[in-house]
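# Analysis of the macromolecular model
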Amino acid sequence: MNRPPDAGRIFRMLTRLLPEAFRRRHAEEMAALVEHRLSTSPGAWARARVRASAWMDVVRTAVGLHANRRMVGAATRAPWTTLRTQGGDVDGWTRDLGHAARRLVATPFFTLAGVTIVALGIGANATVFSVVDGLLFRPLPYTEPEALVSIYQDSDDGEPALSSFPAYRDMAGVEGLFDGVAAVSPTQVSLETDDGVVSLYAAYATASYFPVLGLTPARGRWFGAGHDVAGGPPAAVVSHRFWRESMGADPDAIGGILRLNGQSATVVGVAPEALDARGAVLTPDVWLSISATVVGGGFQVANLERRQDHWYDVKARLAPGVTVARAQAAMDGLAERLAADFPDLNRGRGITVFSLTDVRVHPQAQSPLVGGSVVLAGIAALVLLLACSNFGNLLLVRGLARSPELAVRRAMGASGGAVARLLLLESLLVSLVAGAVGIGLAVLGTGLLARIPLPTEAQGLLGSPVDSRVVAFSLGLSLLTGLVFGLAPALRAARADLADVLREQSRGSSSGRGVVLVRGALVVVQVAVSIVLVAGTGLLARSLGALAGLDPGFAVDRTAYVRTSLSQGGVPPEEYRVVLDELLAAAGALPGVSAAAAASRLPMQDGSSTTTLVEGYEPRSGTGAVELPLAAVSPGHPETLGLAVLEGRAFGPDDIVGGEGVVMVDEVAARRFWPNGGAVGGRVRRQADPDAWLRVVGVVSSVPVEELGEAPRPMLYFPASQYTPSTVYLVVRTGGDPASVVSALREIVPGVRGGLPVLGAGTLSGHLGDGLAAGRLGVRVLGAFSLLALLLASLGIYAVVSFGVARRTSELGIRAALGASRERLTRMVVREASVTVLVGVVVGMALTLLAAPALSGVLFGVAPRDPVVLAGTVAVMVGVAQVAAGVPARRAARVDPVVAFRVE
Amino acid sequence: MSDDLPADLLPLRPSVLHILLALSQGPLHGLGIADDAESASSGAVRLGPGTLYRALGELSDAGWVLPHDPPEGADPRRKYYRISPDGQALLAAELRRMEALVREGRSREALPERA
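These figures come from a predicted structure and were not determined experimentally. (Residues numbered from 1 in each chain as written. Chains lettered and ligands numbered in written order. Predicted model: local features only at pLDDT ≥ 70, side-chain atom pairs only at ≥ 80, totals over all residues.)

### Some words on the overall build of chain A
For the record, the criterion: Where helices and strands are cited, they refer to DSSP runs of H or I of at least four residues and of E of at least two residues respectively, numbered from the N terminus. Exposure criterion: with C-beta atoms placed from backbone coordinates, a residue whose C-beta has 20 or more other C-beta atoms within 10 Å is buried, one with 12 or fewer is exposed, and one in between is partly exposed.
Looking only at helices and strands, one finds 28 helices and 22 strands in chain A. Considering chain A as a whole, with its 904 residues, one finds that 43% of them fall into the buried category.

### A few points about the overall build of chain B
What counts is decided by this rule: Throughout, a pair of residues is in contact if the C-beta atoms placed from their backbones lie within 7 Å.
Of the regular secondary structure elements, chain B holds 4 helices and 3 strands. Along the chain direction, N to C, the helices and strands of chain B fall in the order α-β-α-α-β-β-α. Looking at chain B as a whole, 31% of its 115 residues qualify as buried. Summarising the internal contacts of chain B: among those between residues at least 6 apart in sequence, 53% fall at separations of at least 24.

### What to know about the sheet that holds strand β3 (residues 80-83) of chain B
Residue and element names in this part refer to chain B. Selection rule: Whether two strands pair comes down to DSSP finding at least two bridges between them.
Spatial strand order, β1-β3-β2: 3 strands in an open sheet with antiparallel pairing. Whereas interior strands pair on both sides, the edge strands pair on one side only; in this sheet they are β1 (28-29) and β2 (65-68). As defined by bridge partners, β1 adjoins β3 across 2 bridges and the pair is classed as antiparallel. Directly across from Leu-28, in β3, lies its bridge partner Tyr-81.

### A short note on the interface of chain A and chain B
Facing the 25 residues of chain A at the interface are 26 residues of chain B. Secondary-structure elements contributing two or more residues to the side of chain A that touches chain B are α2 (20-40) and α3 (44-66) of chain A. For the side of chain A that touches chain B, the element with the most residues is α2(A), which contributes 9 residues.

### Regarding unusual backbone geometry
Leaving glycine aside, a negative phi is the common case for residues, and trans is the common case for peptide bonds. All names here are of chain A. In this structure, Ala-249 is a non-glycine residue whose phi angle is positive, near 55°. Position of Ala-249 relative to the elements: it lies in the loop between α9 (240-246) and β7 (257-260). One non-glycine residue with positive phi stands out, namely Met-604, at about 60°. Counting through the fold element by element, Met-604 comes out in the loop between β13 (593-599) and β14 (609-614).

### Topic: the packing of helix α26 (residues 822-851) of chain A against helix α27 (residues 867-893) of chain A
Residue and element names in this part refer to chain A. Selection rule: Inter-axis angles, ranging from 0 to 180 degrees, are taken between N-to-C directions of lines fitted to C-alpha atoms, where helices are fitted over the stretch in contact. Note that the term roughly parallel is reserved for angles under 35 degrees, roughly antiparallel for angles over 145, roughly perpendicular for angles of 65 to 115, and oblique for everything else. Left-handed describes a crossing whose near helix is turned anticlockwise from the far helix through less than a right angle; right-handed describes the clockwise counterpart. When residues are grouped by polarity, Ala, Val, Leu, Ile, Met, Phe, Trp, Tyr, Cys and Pro land in nonpolar, Asp, Glu, Lys and Arg in charged, and all others, Gly among them, in polar.
Running from N to C, α26 and α27 point in directions that differ by 150°, and their axes come no closer than 9 Å. Looking at the two axes, α26 sits roughly antiparallel to α27. The element α26 and its partner α27 pack so that their crossing is right-handed. Contacts from Arg-822, Leu-825, Thr-826, Val-829, Val-830, Ala-833, Val-837, Val-841, Met-845 and Thr-848 in α26 reach Leu-870, Val-874, Met-877, Ala-881, Ala-885, Ala-889, Arg-890, Ala-892 and Ala-893 in α27. Of the residues contributing to the contact of α26 with α27, the split by class is 15 nonpolar, 2 polar and 2 charged.

### Section: the pairing of β13(A)
Residue and element names in this part refer to chain A. Across the 7 residues that make up β13, a large majority, 5, are buried. Inspection of the sheet shows β13 paired to strand β21 (residues 727-734) by 6 bridges, in the antiparallel sense. Considered in β21, the bridge of Ala-597 is made with Val-731.

### Things to note about the nonpolar core
Residues and elements named next belong to chain A. Let me state the cut-off plainly: Take the buried Ala, Val, Leu, Ile, Met, Phe, Trp, Tyr and Cys residues, join any whose C-beta atoms are within 7 Å, and the set you get is a nonpolar core.
Formed by 97 residues in total, the largest nonpolar core has its most connected members in Val-118, Val-383, Ala-387, Val-527, Ala-789 and Ile-797. Looking at this core element by element, the count peaks at 16 residues for helix α19 (residues 513-548). Leave out the neighbours within four places in its chain, and Ala-387 touches Ile-117, Val-118, Leu-120, Gly-121 and Leu-792. Ranked by size, the runner-up nonpolar core spans 65 residues in total, among them Tyr-561, Val-633, Val-665 and Ala-679.

### Focus on helix α4 (residues 85-107) of chain B
Residues and elements named next belong to chain B. To keep it simple, the criterion reads: Multiply 1.5 Å by the residue count of a helix minus one, and that product is the helix's expected span.
An ideal rise of 1.5 Å per residue puts 33 Å on 23 residues; α4 measures up with 32 Å between its terminal C-alpha atoms. Burial in α4 covers these residues: Gly-87, Leu-90, Leu-91 and Glu-94. Contacts from the buried residues of α4 go to α1 (14-23), β2 and β3.

### Overview of the environment of A:Asp581
Residues and elements named next belong to chain A. The topology assignment puts Asp-581 in helix α20 (residues 576-588). Here Asp-581 falls in the partly exposed class, since 16 other C-beta atoms lie within 10 Å of it. Each C-alpha atom of the pair Asp-581 and Ser-634 lies 9.3 Å from the other, and the pair is 53 residues apart in sequence.

### Topic: the confidence of the model for chain B
If pLDDT is low for a region, its predicted coordinates should not be looked at in detail. Residue and element names in this part refer to chain B. Heads up, the rule is: The pLDDT score gives, residue by residue, the confidence of the prediction method on a 0 to 100 scale.
Averaged over all residues, the pLDDT of chain B equals 84, while 90% of them reach at least 70. Per-element confidence in chain B is highest for β3, whose mean pLDDT is 92, and lowest for helix α3 (residues 49-62), whose mean pLDDT is 87. As a predicted assembly, this complex carries a pTM of 0.57 together with an ipTM value of 0.84.

### Focus on helix α12 (residues 324-341) of chain A
Residues and elements named next belong to chain A. Rules: Here the arc refers to the directions that run from the helix axis out to each C-beta atom.
In a regular helix each residue adds 1.5 Å, so 18 residues correspond to 26 Å; α12 covers 25 Å between its end C-alpha atoms and thus fits that length. Of all the positions in α12, only Ala-327, Met-331, Ala-335 and Leu-338 are classed as buried. Buried residues in α12, looked at end-on, bunch into an arc of 85°, giving them a common side. In α12, the exposed residues that point more than 90 degrees away from the buried face are Ala-325, Ala-329, Gly-333, Arg-337 and Ala-340. Next to the buried residues of α12 lie β1 (148-154), α7 (165-173), β10 (313-318), α13 (343-346) and β11 (351-355).

### Details of the packing of α1(B) against α3(B)
Residue and element names in this part refer to chain B. Interhelical geometry of α1 versus α3 gives an angle of 70° and a closest axis separation of 10 Å. One finds that α1 runs roughly perpendicular with respect to α3. Side by side, α1 and α3 meet where Ser-15, Val-16 and Ile-19 of the first sit next to Thr-51, Leu-52, Ala-55, Leu-56 and Leu-59 of the second. For the contact of α1 with α3, the class distribution of residues is 6 nonpolar, 2 polar and no charged.

### Observations concerning the confidence of the model for chain A
Residue and element names in this part refer to chain A. With 88% of its residues at a pLDDT of at least 70, chain A reaches an overall mean of 81. The secondary structure element of chain A with the lowest average pLDDT is helix α4 (residues 79-82), at 28, and the one with the highest is strand β6 (residues 235-238), at 95. Below a pLDDT of 50 lies the segment residues 69-90, which in the model reaches 46 contacts outside its immediate sequence neighbourhood of four places, other chains included. Low pLDDT, under 50, characterises residues 505-510; the stretch is placed with 10 contacts to residues that sit more than four places away or in other chains.

Structure below.
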């Protein structure tokens, strides 16, 4: 080895444990000693040992120095502790630590069981903590995030939502309030690469965006004032991840050109790496300057001047001394001014200021985030409780088994404290090792979570990695577990009276009444928690079954789709209709395709809605208008998706731009708005177009609008020929397996017009399955927790019964000698456990009945207190308890009277 | 045993004994002490970095080991130590204690002479 060896980062990290003065005085020489030994040690193994022993030594020294123990004095200790010092320089705690470690190695079953049980609990909690922390608590990667606020204009529904770009300008123009105001608008764009077109997350951002957040680019620069106007040079800043993964971390990437949606933007900078940790939604692949809005097409540019379009998320940094309340008051004033200046668009439209520390993603997302987090954390805490109760059980059993040994230690002069310390160290060691294993499990767990497919808006939200906070949380939790559950047996051992122990032994009963009660209580907890989790799983599974068995109302088996974006493909709006017709013709001509249609959305999918007035219908809200989901569809839509045209007609070739404005409504809308019939011929108009009344020409059967199992919702269909969507699904009906046409469908998209991106493709049965994915995920997660709970509970029951059998061996032997049958003996032993289990079942049922209504929001087709599920849960629990108790009970029945007497 | 040494200082911990033993030959820096201890014990004693410097610190505090000016041309960052008269006495007391034990062991034929 030519390079002189280095003491290493771990060593230097560990030296930080030493007291400051000691470190300043000796750290350098200590490292020199390690390096000297490394350089004289031949072979990697020898060097690894040098390193490991140096680490141990530093930790030992640090512990000793902090405990202020002197080493130079006499080595005299209580005789039993010095017996095994092996002459090393160790003091009490470290000596006991070694002793505890050796004892644990000598009892591998106990150690393995303890580590496994606690690691499962810690792992589950660390995983959940990682996710919840990432969603709600992890500090935002911005400078002084507490001074940052989000400013939202209300949506038409009166909920805080995005703002219009002119409104952003008005906000930025308010004097004396902010140190900076920025606007950002997330979108998707298509990037042309050598391998074809890929879709990127992008965001249009003002030149103030990075300065407001306090960010500086890792390379190059951020946008300047010249980039803030339409017509300026289009510029792009790429994320650090994108620069690394797609540009090969090329230092010359700056100045390069990105081809986006057929337009060009110059790369001027690379964003800081810290932003990448927040996932793709929160950190786009590329930020585009306002001058680059041409990438989004003419409408994206025009939008900069339109007060009716609300596309921008506004962030601001409060000036020193300005409170959120003061900013809110100023924004209330602005809202009033806008309402006066633009009454048609802004009357009654409020502006709300949120601190970024209170609302991290979006006000409407915040409460589900908090709610979901609480539920997840609650379940994980239950599992930890189970794990700990079993661990406590194990420790109790071990403590009892060791009573004689500990008594001897006391007799030899060890103080009660010394014995307690030894036991406590054992439980701490187990829990800390379990914590380390749990962190490993959490790494696996968060990895699995990150791979769960989520809707695009939420992609990456669950993928928050295990970081130092998670590690600290897990180690803290395991330390707590080891302390809390190790303390009771340790103190018990410390108090134990030698005479008592010997007396109990001579009686052949090594357990006091108190211990039996504690163990019983632990099993009651385990059974009760299992009942709650199993019942929850059962309810979710039944609900999922009901959903899966539901008729979705559209053809699922013989349909496939592909999604593309005309605007991202660089098609000018005036050509949308032509290109769409070409796409439809190409799709309809595919072999095996019997019908083809275009639609702006599929059933069971979020999509746009419009504020609509229905002639002759006065909604209860009194506003005169209703917010209706809408889809723009081509003439073949009902036929392709298997919808029935119940009245009137579907759209036809005569429904064209310049012709009469027409719509179709679904069955629910027809019944709600025209309860006495006559939907066909009725008229509706969009609030935004006061003069354009549209005639209803047909009524089609209903489909789930956003999700399976939702309450029936009215829906509007517009002809795609009159309202051509910029992003469109091509749906085809096939004679055979729809999966076989998916790849052909993908190919026709760029075939019709080069540069058109494929934003997704698949079969509608797959789409239906995606709709059930969240439910499946819920059943799987809860199911996994339930299995874990049942396993832990059965371990607890097993332990209680085996222990009872061991305690009563002699009594059972006498009974056997007196002629009791095996069945009788078995029953006798099981009866004792049955009472405990039954108490657990009753407690668990009570908890379930109390908690189940909280689930009613997510259940479909099953009551929260469904008797089938509840009965099934009890049956499962009793069955598991039977098995767990049966094994040791049969052992009791086989007790040989002779052996039983000999135990004495 | 010297009169001004408290009786309960003995037996010395192995690290302390080896440091004093190494310094009885003359001033050394920490690394030199560690090397000497290792060779004197045929590799059996490897003083860890923390153990070594902690013991050196405490021996200095007690006055049994004194700081020593580095020789000409030595690395100025290396601190040198020498043993104090009290340290010498302490070392001698410990060795005498051991010697007495060895003698006792021999007389009881608990320690066979090596072949």
